[in-house]
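Residue-level structure breakdown
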Amino acid sequence: MPAIASKQYSDDVSLLVLLLDTNPLFWSTTSITFSQFLSHVLAFLNAVLGLNQLNQVVVIATGYSSCDYIYDSSLTSNHGNFESNGTGMPAIFGSLLKKLEEFVTKDEELSKEEVSEDRIPSCLLSGSLSMALCYIQRVFRSGHLHPQPRILCLQGSPDGPEQYVAVMNSIFSAQRLMVPIDSCYIGVQNSAFLQQASYITGGVHHTPKQLDGLFQYLTTIFATDLHSRGFVQLPKPIGVDFRASCFCHKKTIDMGYICSVCLSIFCEHHKKCSTCGSVFGQSKLDDASSASDKKRKAPST
Amino acid sequence: MAGGQIEKLVKYKSTVKDPGTPGFLRIREGMLLFVPNDPKSDSKLKVLTQNIKSQKYTKEGSNKPPWLNLTNKQAKSHIFEFENYPDMHACRDFITKALAKCEEEPNKSVVSTSSEQLSIKELELRFKLLRENSELQRLHKQFVESKVLTEDEFWATRKKLLGKDSIRKSKQQLGLKSMMVSGIKPSTDGRTNRVTFNLTPEIIFQIFAEKPAVRQAFINYVPSKMTEKDFWTKYFRAEYLYSTKNTAVAAAEAAEDEELAVFLKPDEILARETRHKIRRVDPTLDMEADQGDDYTHLMDHGIQRDGTMDVVEPQNDQFKRSLLQDLNRHAAVVLEGRSIDVESEDTRIVAEALTRVKQVSKADGETTKDANQERLERMSRVAGMEDLQAPQNFPLAPLSIKDPRDYFESQQGNVLNVPRGAKGLKRNVHEAYGLLKESILEIRATGLSDPLIKPEVSFEVFSSLTRTIATAKNINGKNPRESFLDRLPKSTKDEVLHHWTSIQELLKHFWSSYPITTTYLHTKVMLLQFSNLPVPEIAIYIDS
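In the annotation of an unreviewed UniProt entry, the entry for chain B reads BSD domain-containing protein, and the organism field reads Arabidopsis thaliana. Looking at the Sequence similarities (unreviewed entry) heading of the UniProt record, one finds this comment for chain B: "Belongs to the TFB1 family." For the record of chain B, the UniProt heading Subcellular location (unreviewed entry) holds the text "Nucleus".

In the annotation of UniProt, chain A is listed under the name General transcription and DNA repair factor IIH subunit TFB4 and assigned to Arabidopsis thaliana. Its UniProt record gives chain A the following Subcellular location comment, quoted word for word: "Nucleus". Its UniProt record, at the heading Sequence similarities, says of chain A: "Belongs to the TFB4 family."

What follows concerns the UniProt feature "zinc finger region: C4-type" in chain A. Residues given the UniProt feature "zinc finger region: C4-type" here are residues 259-276 of chain A. Measuring from the first to the last C-alpha atom of residues 259-276 of chain A gives 9 Å, for a span that is 0% helix and 11% strand.

Time to look at the confidence of the model for chain A. On average, chain A scores 82 in pLDDT, and the residues at 70 or more come to 84%. Considering only residues more than four positions removed or in separate chains, one finds that residues 295-301 of chain A, a stretch of pLDDT under 50, has 0 contacts.

For the rest of this paragraph, the subject is the side chain of S66 of chain A. All names here are of chain A. Note that S66 resides in the loop between β2 (56-62) and β3 (67-72). A polar contact of 2.9 Å, which involves the side chain of S66, links it to the side chain of D107. Sequence-distant contacts of S66, that is, excluding residues within four places in its chain, are made with A61, F103, D107, L110 and L124.

Residue and element names in this part refer to chain B. Interhelical geometry of helix α2 (residues 120-132) versus helix α3 (residues 134-143) gives an angle of 110° and a closest axis separation of 5 Å. Classified by the angle their axes make, α2 and α3 are roughly perpendicular. Counted together, L129, L130 and E132 of α2 and S134, L136, Q137 and H140 of α3 form the full contact between these two elements. Its residues assigned to classes, the contact of α2 with α3 shows 3 nonpolar, 3 polar and 1 charged.

Residue and element names in this part refer to chain A. Considering all chains together, one arrives at 7 salt bridges over all chains under this definition. A salt bridge links D68 to K106, with the shortest nitrogen-to-oxygen separation between them at 3.8 Å. Linking D68 in strand β3 with K106 in helix α3 (residues 94-113), this pair joins segments that are 38 residues apart in sequence. By relative accessible area, which is 44% here, K106 ends up partly exposed. One continuous salt-bridge network, built from bridges that share partners, spans R150, D182 and R229.

To continue, consider the pairing of β2 of chain A. All names here are of chain A. Across the 7 residues that make up β2, a large majority, 7, are buried. Pairing of β2 with β3, which is carried by 5 bridges, proceeds in the antiparallel orientation. Paired with T62 across the strands is C67, a residue of β3. Counting the residues that bridge the hairpin from β2 to β3 gives 4 residues.

Turning our eyes to something else, we now look at helix α11 (residues 268-279) of chain B. Across its 12 residues, α11 of chain B extends 17 Å between first and last C-alpha, which sits within 8% of the 16 Å expected from 1.5 Å per residue. Taken together, the buried positions of α11 of chain B are I269, L270, A271 and T274 of chain B.

Right, let's talk about a nonpolar patch on the surface for a bit. Residues L507, W511 and Y514 of chain B make up a contiguous nonpolar surface patch of about 340 Å² in total accessible area. Here W511 of chain B lies in helix α19 (residues 490-512).

Okay, the sheet that holds strand β7 (residues 77-82) of chain B next. Residues and elements named next belong to chain B. Ordered by their spatial adjacency, 7 strands build an open sheet running β4-β3-β2-β1-β7-β6-β5, and the pairing between neighbours is antiparallel. Whereas interior strands pair on both sides, the edge strands pair on one side only; in this sheet they are β4 (45-48) and β5 (52-57). Strand-to-strand twist in this sheet, taken as the mean axis angle between neighbours without regard to direction, amounts to 30°. By the bridge criterion, 4 bridges tie strand β1 (residues 6-13) to β7 in an arrangement that is antiparallel. Across the sheet, residue K11 finds its bridge partner in β7, namely E81.

So, on to unusual backbone geometry. Residue and element names in this part refer to chain A. Phi is positive for M178, close to 60°, though the residue is something other than glycine. Along the chain, M178 falls in the loop between α5 (164-177) and β5 (181-185). Of note, the phi angle at L263 is positive, near 60°, even though the residue is not glycine. Inspection of the secondary structure assignment puts L263 in the loop between β9 (257-258) and β10 (265-266).

Parameters at a glance
- Residues numbered from 1 in each chain as written.
- Chains lettered and ligands numbered in written order.
- Predicted model: local features only at pLDDT ≥ 70, side-chain atom pairs only at ≥ 80, totals over all residues.
- Heavy atoms only, no water.
- UniProt positions renumbered as here; feature names shortened; annotations may be inferred.
- Helix = DSSP H or I, 4+ residues; strand = E, 2+ residues; numbered from the N terminus.
- pLDDT = per-residue confidence, 0-100.
- Contact = heavy atoms within 4.5 Å.
- Polar contact = N/O pair within 3.5 Å; in protein donor to acceptor, adjacent residues only side chain to side chain.
- Axes fitted to C-alpha atoms, helices over the stretch in contact; angles between N-to-C directions.
- Parallel < 35°, antiparallel > 145°, perpendicular 65-115°, else oblique.
- Nonpolar A, V, L, I, M, F, W, Y, C, P; charged D, E, K, R; others polar.
- Salt bridge = Lys/Arg side-chain N within 4 Å of Asp/Glu carboxyl O.
- Buried < 20%, exposed > 50% of the residue type's maximum accessible area, 1.4 Å probe, protein only.
- Pairing = 2+ DSSP bridges.
- Expected span 1.5 Å × (residues − 1).
- Patch = residues over 30% accessible without salt bridge, like charges linked within 9 Å, V, L, I, M, F, W, Y side chains within 5 Å.
- Areas by Shrake-Rupley, 256 points an atom, 1.4 Å probe, with all protein chains shown as cover.

Here is the structure:
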C-alpha cells in the first residue's frame, strides 16, 4: 500500500470486501440473468470507489466447491490497459471478469471430481467468509492507518446446514474484529445464516423485492460507510431467524440437546459429546424406562 | 321587634366630648337615620346597617348616661344619647338583630356573584401564570381568543394553579402520639415519698380516647362529686398501684374508696363495645372471631407488663392489667386517629365531645333488620361448598396448538424439493456452469447494460425503502432509551407536543360537556368540534 499522509485520511474511508455468489445451480434458476446481475454489481463497485479516493474494494467469488479472490482495487496492475472490443467493459473491470471466468472453469473441474451427494445446492459461504477475514486481518496488521473494513455478502443460494459450525465461527471472529457483515439476499427463501451474521456483527441485512432495481438497493443501503451509519437510518429487519443446525446430522432444528461443556447442539440423545468428548449423564427418560424394566424383571426372577 | 322600625328621641354625639345634637333617630330594617331637630345643623346621619361593625353601650348600673356607640367599617364612631335606658336597650336589640341578619346575607351574595366578579388579585395571578408559562399562554391564545372556550372554562380546570382556597380544605390531620398512656412514668423524689405525674391536655385527650370508663367517670364525678384535681390524683394513684403490681393493696384500696375502684376495675364500656364488635364481624371473612378476641378479659398467654410471670390470686384477678391489653387498646385508638377537632383546654368539653362521637358511631353501627337480612343472604351465598354442589359439565373447547414450524420458513422443505438423482445433478451442474460462462462472456462483450436501471424502477425502490425506514413500527420498541419523538427535529417535536396539549384541552372540555342538557353546553360542544386544529396534518405525518 502506498504511504498515505495522515491528513488525507478521513473518517469515511472504507474497505469493502464483496462476497459474490457464483453458484451455477442458483443462477440457472433465477429471474435475473447473471450478466444483468453482474452489471448492477460492477456499477455499484464503481460507485463505492468513487465515494472516496482512498476507498478499496476486494471481490471474492463464492463458488459451488471453492472460493477465490478475483479482484483487488489496491493492486496497481489493475490500471493497465486492457483491450476491449469496441463498446466493451470499462478497463477497470477487465481483469475482474477475466479472473471470474478462470475461477468458474476451475470450480467446474472441482465439482466434477467431488462425489455428488444429496446436498442442498448451497454456495461455499464459510470459505469465502474465512478468506475475507484473513484479508482484513492482514490489513489490520499493515499499520495504524487503514480503511475501515466491512464485508458485503451478495448471495442467492440457500444455506447449507453442514457449514453451520464454520459459518458461526467466522461470524464470531468478525464480531471480535469488529467487522460488520452486511448481507443482501436475492434468493427465494430466507437465509438464517446471513440474518444471524448481520445481527451479531451489527451489519445490515436486506432482502430486495425487485431484482431489476438491485443497483438502487445496493447504493441506498450498502454503500454507506461505517462512520456515516451513526447518523444515517438504514432499514432494519423485523426479526431474526435464530435456528441452528444440529452437529450430528446437520439438520436445522429449533429444539434439541446441548452439551453443557462446549454448547454443541444435537438433535437426539447421545451418550458422549462428539465435539469435546464429555460423557453425558443419563437422561430422565432413560431413568423411567430402566426403572420400569427393573420392576418387571424382579417378579420374574 | 319583628321587622318594623324604632323611632326615638336622641342626642347625637360624634365624639364623647361633643355636647350632642338633639334629634330624631329612626332605625329601620337596613338603615339608620338621624335627623337633627334643628334643620340648619348639618349632622344629618344615614347609616346603612351593613356598614355597622359593632356597637357598644353603657351599663345600666353605672352612673353614665344611656349611650349607644356604633362603630362603622370605616372606624368612625357615632354615639347616641338616649333619654332613658329602656329606649337604649330597645335600640340596641334591634341593631343586634339587624347585624345578625346582615351577616348571613353577605355570605350568600358572595357565593352567587363570585363567578361574575373577579378580584383584581385573581386577575393579577392569572396574568402572572400566563406570563411565566409559555405553553399555557399558547393554549390560552389559541382557545380563548378564538372564542372556542371562555375565560372561566379555561381556568376552571386549572384551579390548582390559581391556588384557590377551596382546594386546600382538607389539611392533613395530626395523628396521635404512639407513646402509650401507661408509659407515662412519674418522677420520683428520692428523699420524700412523693411521686409526681405531669399532665398535659394532650395526655388528657389520649386517656379519654383509650379508656372510656375513665371518661364516663369524669363526666359523672366532676364537678359534682370532686374537683378535677382530685379526680386526676385518684386516677394516678390507681395507675401507681397498677405499676407496683401489688394486687392485694389494690383490692384493699378499691374496697375503701369507691371512686378509686372505678379506675382499678376493668373497663366495662370497652368490654361492651368489643362484644358488640365481635357480634358484627362478618363470618364470610376468613378470620376466626371468637371469645379469644375479647382481649379485655383474657389473661393473655402469660405476657405480663414487665415480662415477668406472676401468679395471681383469683379474687384479685380483676385488678391486674396486662401489657397486651394496653398495647391493643392503644393501637386501636392511634389508628382511629383524632375523632374530634376540639382543641379546648377544658377537660369537660373534651370528655363530652368524645362521648358524643362514640354515641354517634355506635348509632351508625347498629344494624337494622334489612341490613341483617342482607348479611345473612350474602353469608349463605359465599359459604357454598363446592363438593356438595351438583357437577357442572362445562363444554370443553379443545386447544388448538399449531406447529411452530409453520411459522418459520422451513429449509427442510427445500431439501425435499430437490428430488434430483445423482446423475441428474451432474448433468444439471454441467449445464449450469455452461450457462454461467456464457453470461460472463456476454457481459465482457457487451459491457454494462445501458440503461443500468430504469428510472421508474429506481424510484419505486427508493420510495419503498424510505417508507420502510420511516415506519414507526420499525423504530419503536427496539431501543428502550430512544423515543419516536427524539428522532424528529426540535421544531417539529415542539409542534407535535403543542398539538397534543391542545387536543387534550379540547377533549377535556368536550367530554365534560356531556350529557348535553342545556343549550349553553350544546353550543359549546359545537364550537369545540369545529375549532381550527390542523388535525389532518398530524394524521398524515403519523401514518407515513
